[in-house]
Every structure is written in C-alpha cells, then in structure tokens.
Amino acid sequence: MNKHPTIAGSAERPSVFRQPGSMMYADNCRDLQAAAQRCEVELNAWTRGSYPGIPLGDRLSGICTTGYWDAKFSQNWGLKRHCNEGFKIAYLSRGKLRLVVDDESYMLEQGQFIVIRPWQLHAMGDPTVGPSRLLWLILDAGLRRPSEDWHWPDWMVFSQDERDRLSELLSQNNQPVWDGGSELNAAFEAVPQILLARTPESGETRLKVAINAIMLGLLERMTEQAPALDPNLSTSRHTVAIFLRRLAMNTAENWTLEIMAEECGLSRTRFADYCKRLTNMSPVQYLQHLRLEQAAAMLRLPDRGSVTEIAFRCGFNSSQYFSNAFRKRYGHAPIATGQG
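Residues numbered from 1 in each chain as written. Predicted model: local features only at pLDDT ≥ 70, side-chain atom pairs only at ≥ 80, totals over all residues. Heavy atoms only, no water.

**Comments concerning the pairing of strand β5 (residues 87-101)**
Okay, step 1: Of all the 15 residues making up β5, eleven are buried; the element is thus mostly covered by neighbouring parts of the structure.
Okay, step 2: Here β5 pairs with strand β9 (residues 132-139) via eight bridges, running antiparallel. Bridge pairing in β9 links lysine 88 to isoleucine 138.
Okay, step 3: As defined by bridge partners, β5 adjoins strand β7 (residues 112-116) across four bridges and the pair is classed as antiparallel. Considered in β7, the bridge of tyrosine 91 is made with phenylalanine 113.
Okay, step 4: Sheet topology note: the β5/strand β6 (residues 104-109) ladder contains six bridges and is antiparallel. Bridged to leucine 99 within β6 is tyrosine 106. (Buried < 20%, exposed > 50% of the residue type's maximum accessible area, 1.4 Å probe, protein only. Helix = DSSP H or I, 4+ residues; strand = E, 2+ residues; numbered from the N terminus. Pairing = 2+ DSSP bridges.)

This is how it looks when you write it as structure tokens:
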C-alpha cells in the first residue's frame, strides 16, 4: 500500500486529507461490527488497517478492504459521515440505501453502484440501514487529495491507456451513483464466494481476478453512461477549495499557514494565492473569519458557556484577543450577541 508522510504533530491533532490521526478518517465501522457481533447482520471481509475482517497481511497491496454485509431486516445503525483511505466502490445487490455525499442526498437502488473519492465525506443509512446486501472494495491508488498522482497496484492487468481512462473517470466527475449491469453484478458476486470458501492464503489469486473483473466492468459501465468530465476537479485549486470547506469543522486546531499549505501539498505562497482567489482573504484572515462566525453562532445558544470558553473552543489563544477581534467584526462585545 502506498504510504504518505505525516506532518509533525499530526497524531495529536485532526487533519483534513491525511490518515491516520484525521477526524475525517475516523473508524466508522464500529456500528457495523457491533451489529455483526449481535448477529443482526452478516459481515464478511478481508481487510487491513482498522477495517473489520480477516487480515490480508502483505497480500493484495492497495486493497484496504473488500467484503459484504447482508442485513435481512431493518437495522438501527448507519455509517456516519467519514472519508476512506481509498476509492470506495460498492454495489447494492438487494434493497435500498440512503447515501449522503458532500451534503447531497441520494437513494441507492438495487443494481446500482457507487464511487466515492477519498476526499469525499459520505454517510450510509438514514440514519438506519434497511434490509440490504452491499458488496464493496476500497482501493488505495495513492491519492488523498484530488491533485495527487495515481499509483495503481501492480497486480492490476489494465493497459496504460485503460488506467489513464479509468483515472479520469474516477477523479474528474462528482457523480457518486451509477447504474450497474449483469456483468458488473456477476463480477461483484464472485467476491463473497471467494471469501466464504477460501482464506487469504488460498484465495489471493482468485480475488485478484475478481477485482480486475470489477474494475473492468466499472470502466465499461462508466464509459457507457458518458459522464461529463471536469479536469478542474483534479487540480490543486480544487484541493484547496475542499480544504477550506473542511476548515470550518476544524477551527479549534492550532493552524498555521505552513501547516495549512502542507495539508494541501503546496508551498505557502501557492496555497495563499489559491485561498485569496477563492475567498478574497488571506488564509489567516479566512481562518479568523470562520472562528468568529462559529463563535457568534455559539453565543446565540442558551447553554453557550462563558466568553472565555467559547474563545478557546473556536481556536482563539486568549479571551482578550477574541473580544477585540469580535468587537472589530461585529461592532460590540461578544457577550452582547447572546442578550435579548
């Protein structure tokens, strides 16, 4: 599996694009795992990392997890909003399933498949999972940000032209839900048969063949449906745009210009230039703008706590600095927002 360098101190603070140590890549499988332990849902998978299932070890580099769940009746859990380390490709062979991707809601129908990019926040369930059977694989192609280069596993048998085309289809459109077909269904259905009848040691080759068939079916179905591709979705500017949207969820962190730029894989100058173009503010100005907006919203809550508590929760280092910045922005002291 491709490895990514970590920022100093990243284990102590959430990040936006990097895993481990990122709030966006939190372990969201616990509810599914707990339901399987209660025998409410059948769960079988071969995995690595924190995903539940039988460990793959050194086999099938690039595969984070592949498996399925089979829920015979309505479940009282759902997969909460999260990102994955790779591209999530999943096929719904039975039932319906609510899907939320970057705040857009979809109803996944039987026979459809989804493609979720590593930088896309998504949730499954509404907030519960109905009777359904979902088959999946998560493929790490070396990307955490839209602008990074692809590194396909060497056991994939695609030609270079096919790899390039698939890379374009996967990264240069935001469509998460696609219509499947009989060939893709058959390719996905080969995976449970391997998981149930084999071990990772005896089933590695068969699983490689099955996943290659899935990816070939994916390429064909996406090509047939002719999505509108936007090369701007795989640029550094788009990476910065995603980061700035996520920054609102991370205002309490001790961000600096250097750390923000590094999160996006850019120099400070280039990151600041993109930020200015997107927000008409410098990165520091935009961060303070978000912190003040969050503080103003918190001050309107009935159980808001003290001004000092709110200041620290929004990322300000002192209540005095917060009060001055708040007065300059809104024309009055922060305590006045919660009155009347």
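**Structural notes on helix α4 (residues 200-224)**
Okay, step 1: For α4, built from 25 residues, the straight-helix expectation of 36 Å at 1.5 Å per residue is met to within 8% by its first-to-last C-alpha distance of 34 Å.
Okay, step 2: The largest bend along α4 reaches roughly 35 degrees and is located at arginine 206.
Okay, step 3: At the C-terminal side of α4, alanine 226 shows a positive phi close to 45 degrees. (Expected span 1.5 Å × (residues − 1). Bend = angle between axes of the 7 residues up to and from the residue.)

**Topic: helix α10 (residues 319-330)**
Okay, step 1: Taking 1.5 Å of rise per residue, the twelve residues of α10 would be expected to cover 16 Å, and the 16 Å separating its terminal C-alpha atoms lies within 8% of that figure.
Okay, step 2: Considered for burial, the residues of α10 that qualify are Phe322, Ala325 and Phe326. The buried residues of α10 occupy one face: seen down the axis, they fall within an arc of 100 degrees. Those residues of α10 that are exposed and aimed more than 90 degrees away from the buried face are Gln320 and Lys328.
Okay, step 3: Against the buried residues of α10 lie α8 (283-299) and α9 (307-313).
Okay, step 4: Taken from the residues just after α10, glycine 331 is the one with a positive phi, measuring 85 degrees. (Arc of directions from axis to C-beta. Contact = heavy atoms within 4.5 Å.)

**As for the pattern of salt bridges**
Okay, step 1: Counting across every chain of the model gives 17 salt bridges.
Okay, step 2: With a shortest N-O distance of 2.5 Å, aspartate 70 and arginine 94 are connected by a salt bridge. Residue aspartate 70 is found in strand β3 (residues 63-71), and its partner arginine 94 is found in strand β5; the two are separated by 24 residues along the sequence.
Okay, step 3: Arginine 94 sits in the partly exposed class, given a relative accessible area of 28%. (Salt bridge = Lys/Arg side-chain N within 4 Å of Asp/Glu carboxyl O.)

**Some details on the packing of aromatic side chains**
Okay, step 1: Going through the model one piece at a time under the given rule, you end up with 13 aromatic pairs.
Okay, step 2: Considering the side-chain rings of tryptophan 150 and tryptophan 152, the 4.8 Å spacing of their centres and the 20 degrees angle between planes classify their relative orientation as stacked.
Okay, step 3: Aromatic pair phenylalanine 326 and tyrosine 330: ring centres 4.6 Å apart, planes at 40 degrees, arrangement tilted. Remark: tyrosine 330 and phenylalanine 326 occur in helix α10; sequence separation between them is four residues, near one turn of the helix.
Okay, step 4: Among the aromatic residues, those joined into a cluster by ring pairs are Phe316, Tyr321, Phe322, Phe326 and Tyr330.
Okay, step 5: Over the ring of tyrosine 68 we find arginine 133, and its NZ or CZ is 5.3 Å from the ring centre. (Phe/Tyr/Trp six-rings, centres within 6.5 Å; stacked < 30°, edge-to-face > 60°. Lys NZ or Arg CZ within 6 Å of the ring centre and 35° of its normal.)

**Overview of the packing of α8 against α10**
Okay, step 1: Direction vectors running N to C along α8 and α10 enclose 90 degrees, while the axes themselves pass 11 Å from each other. In this view, α8 runs roughly perpendicular relative to α10, as classed from their interaxial angle. Taking contact as the criterion, the partners of Gln288, His289, Leu292, Glu293, Ala295, Ala296 and Leu299 in α8 are, on α10, Tyr321, Phe322, Ala325, Phe326, Arg329 and Tyr330. (Axes fitted to C-alpha atoms, helices over the stretch in contact; angles between N-to-C directions. Parallel < 35°, antiparallel > 145°, perpendicular 65-115°, else oblique.)

**Considering the pairing of strand β1 (residues 42-47)**
Okay, step 1: Both β1 and β3 contribute to a ladder of six bridges, which runs antiparallel. When the sheet's bridge partners are listed, threonine 47 is paired in β3 with threonine 65.
Okay, step 2: Pairing geometry for β1 and strand β2 (residues 54-55), over two bridges, is parallel. Bridge pairing in β2 links tryptophan 46 to isoleucine 54.

**Description of the environment of serine 319**
Okay, step 1: Relative to the helices and strands, serine 319 resides in helix α10.
Okay, step 2: Beyond its immediate stretch of four places on either side in the chain, serine 319 contacts Thr308 and Ala311.

**A word on the nonpolar core**
Okay, step 1: Formed by 58 residues in total, the largest nonpolar core has its most connected members in Leu170, Met215, Leu218, Phe243, Leu247 and Phe271.
Okay, step 2: Looking at which element gives the most residues to this core, the answer is α4, with eight residues.
Okay, step 3: Excluding anything up to four places from it in sequence, phenylalanine 243 contacts Val16, Phe17, Trp255, Met260, Glu263, Cys264 and Phe271.
Okay, step 4: One finds Leu92, Leu108, Trp136 and Val177 within the second-largest nonpolar core, a separate group that totals 21 residues. (Core = buried A, V, L, I, M, F, W, Y, C linked by side-chain atoms within 4.5 Å.)

**Concerning unusual backbone geometry**
Negative phi is the rule for most residues except glycine; trans is the rule for most peptide bonds.
Okay, step 1: The phi torsion at aspartate 102 lies on the positive side, around 50 degrees, for a residue other than glycine.
Okay, step 2: Within the secondary structure, aspartate 102 sits in the loop between β5 and β6.
Okay, step 3: When its relative accessible area of 34% is taken as the criterion, aspartate 102 is described as partly exposed.
Okay, step 4: One non-glycine residue, aspartate 103, adopts positive backbone phi at about 75 degrees.
Okay, step 5: For aspartate 103, a relative accessible area of 65% gives the class exposed.

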